[in-house]
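As a plain string of letters, each chain reads:
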Amino acid sequence: MSDLPELDAFDLPDWLGTGPVTWHARGADRTGFHVLGALVGDGGQEQPCDLLAVDQAFPEPVAGEGTRRLAHQLWRNGQVLLVTYAERPALAVPGTGFGADRVVEVVGRLVKAVGARPENYVVALRLGVVRGDRGTGG
């Protein structure tokens, strides 16, 4: 697997940093390593924003070694890696899946990346979309 193309948080829409936003879980793959999602503003604006657990390796690796290493490094430093996966923007994080706590932490790191106020963000999960936290903790 090759490395995933990186995106810059400054290329995301300005409204993500200026007003109320809700991240909605829309669905997940069978194993839970890729959660489809979208950021939705109060005015109805919508920005695709998936979650991607980069350590998933079966039946094939999700990301190349360089992407995995950078995701772990940024996570350790309180940041999150923004990439393109399946032609959609995604937040790439260590681990193999997502539990509710991990989802909130990932979106919180996006909030910092776009310079938004944490109290302006809400996370909306769908039952059955996220499974137990299978993060690496590091």
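These notes cover the structure that comes with them. Since we're looking at a predicted model, the values are computed, not measured. (Residues numbered from 1 in each chain as written. Predicted model: local features only at pLDDT ≥ 70, side-chain atom pairs only at ≥ 80, totals over all residues. Heavy atoms only, no water.)

## Looking at the overall build of the protein
In step 1: Across its full length, the protein holds two helices and seven strands.
In step 2: Along the protein, helices (α) and strands (β) appear in the sequence β-β-β-β-α-β-β-α-β when read from the amino end.
In step 3: Seen through its C-alpha atoms, the protein measures out along the principal axes to roughly 40 × 30 × 25 Å.
In step 4: Every one of the 138 residues in the protein was classed for burial, and the buried ones make up 46%.
In step 5: Contacts in the protein between residues at least 24 apart in sequence constitute 63% of all its contacts with a sequence separation of at least 6. (Helix = DSSP H or I, 4+ residues; strand = E, 2+ residues; numbered from the N terminus. Buried < 20%, exposed > 50% of the residue type's maximum accessible area, 1.4 Å probe, protein only. Contact = heavy atoms within 4.5 Å.)

## Notes on the side chain of Arg109
In step 1: Position of Arg109 relative to the elements: it lies in helix α2 (residues 100–114).
In step 2: Given a relative accessible area of 11%, Arg109 falls into the buried group.
In step 3: A polar side-chain atom of Arg109 sits 2.6 Å from the main-chain carbonyl oxygen of Trp75.
In step 4: If near-sequence neighbours (up to four positions away) are discounted, Arg109 is found in contact with Leu74, Trp75, Gly78, Gln79 and Val80. (Polar contact = N/O pair within 3.5 Å; in protein donor to acceptor, adjacent residues only side chain to side chain.)

## Considering helix α1 (residues 65–76)
The α-helix winds at 3.6 residues per turn, so residues separated by three or four positions along the chain end up facing the same way.
In step 1: Taking 1.5 Å per residue as the helical rise, α1 with its twelve residues ought to reach 16 Å, and the 16 Å between its terminal C-alpha atoms agrees with that figure.
In step 2: Listing the buried residues of α1 in full gives Thr67, Ala71, His72, Leu74 and Trp75. Down the axis of α1, the smallest arc covering the buried residues is 165 degrees, so these residues share one side. Residues of α1 that are exposed and point more than 90 degrees away from the buried face comprise Arg69 and Arg76.
In step 3: The secondary structure elements touched by the buried residues of α1 are β5 (81–85), β6 (88–93) and α2.
In step 4: Directly beyond the C-terminal end of α1, a positive phi value near 80 degrees is found at Gly78. (Expected span 1.5 Å × (residues − 1). Arc of directions from axis to C-beta.)

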